[in-house]
Structure formats: structure tokens, C-alpha cells
Amino acid sequence: MNQQPIQNPEAQVPKTPQMNDRDYTNDLLSTEKYMTDSYSTALNEASNEPLYQDLLAIFTETQNMQRELYDLMFQKGWYKLEAAEQQKLQQSYQQFKGYSNQFPYGNTNIQ
């Protein structure tokens, strides 16, 4: 079954060899994604509490900026999503529901 992408109408940008607004925004989004991954690793390994708190504040700002860029790209029609098929959703739900007995704090209900 071929799913239709979920996207807004695409804002037109010049098709030239030079970078355009979509290219710059996509580059920024990729950079923010990379940075949040890197800060996440640093947070996991920070043993000094003040350093951890500083990294956490920077991580939060970076994550928020990543979300703003994603929202902008989606609004402009430069970021597409595909709707998940109901059958695949149900399969994933069943798969992960079976993992609940492995949770360390009891059998937590998955909704």
C-alpha cells in the first residue's frame, strides 16, 4: 500500500547552484540534530555536577532550536512525513508490549 506523504504545500525557493533558504535551514537542522546527540553523550558521561547542569542547559536550548527548525521546515513544506500503516503500528505495539515483563520496576502498563 502506497502511503501519501504528510506535508504542507512547499514554499518555492530558487533552483540555483547557490544555497537557498531551504538548504540553509536543512543544514542548520542537521547540525542541531548532531549537536543534541553529542550533548546527550556528554550528559551521560559528565561526573561533575556543575558541568552536568551547564551541559543540560545547553542541551535543552539546542533541542528546542532543533524543534523550532523542524517546525519551520514542516510549515514550509520542506519536511515530509509518511503516515504509518495501522498494521505496522499494531505489530510494533505487540512487540514492545511483550517487553514490559522485562522492566526493572514491575510490569508497567503500556498504553
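Data block above holds the structure.
Residue numbers restart at each chain and count upward from 1, following the sequence in its written direction. Given that the model is predicted, a residue must reach a pLDDT of at least 70 before its local features are reported, and side-chain atom pairs must reach 80 or more before they are shown or counted; all residues, however, enter totals for whole chains, interfaces and linings. No hydrogens and no water enter the side-chain calculation; it runs on all heavy atoms of the structure.

Peer 1: I'd like a rundown of the packing of aromatic side chains, residues and numbers included.
Peer 2: In this scheme Phe, Tyr and Trp rings, the latter by its six-membered ring, pair at centre separations within 6.5 Å, and the angle between planes marks the pair as stacked below 30 degrees, edge-to-face above 60, and tilted otherwise. All told, the structure shown has two aromatic pairs when counted by the stated rule. Pairing Tyr70 with Phe74 gives two aromatic rings, centres 6.2 Å apart and planes at 20°, and the pair type is stacked. Of this pair, Tyr70 and Phe74 are both found in helix 2 (residues 49–75), four residues apart, which corresponds to roughly one turn of the helix. Only protein chains enter the area calculation, which uses a 1.4 Å probe; residues under 20% of their type maximum are buried, those over 50% are exposed, and those in between are partly exposed. Residue Tyr70 is classed as buried on the basis of its relative accessible area of 15%. Ring centres of Tyr70 and Tyr79 lie 5.0 Å apart, and the angle between their planes is 80°; this geometry places the pair in the edge-to-face category. Members of the aromatic cluster, each reached through a chain of ring pairs, are Tyr70, Phe74 and Tyr79. Secondary structure elements follow DSSP: runs of H or I no shorter than four residues count as helices, runs of E no shorter than two count as strands, and numbering proceeds from the N terminus.

Peer 1: Tell me what's going on with the pattern of salt bridges, and back it up with residues and numbers.
Peer 2: For this analysis, a salt bridge means a side-chain nitrogen from Lys or Arg found within 4 Å of a carboxyl oxygen belonging to Asp or Glu. Inspection of every chain in the model, using the stated rule, returns two salt bridges. When the shortest N-O distance is used, the salt bridge between Glu10 and Arg22 registers 2.9 Å. Highlighted residues: Glu10 in the loop between strand 1 (5–6) and helix 1 (21–45) and Arg22 in helix 1, separated in sequence by twelve residues. Note on Glu10: relative accessible area 36%, which makes it partly exposed. Put simply, Arg67 and Asp71 hold a salt bridge, and the shortest N to O gap is 3.5 Å. Remark: Asp71 and Arg67 occur in helix 2; sequence separation between them is four residues, near one turn of the helix. Overall, Arg67 belongs to the partly exposed group, its relative accessible area being 48%.

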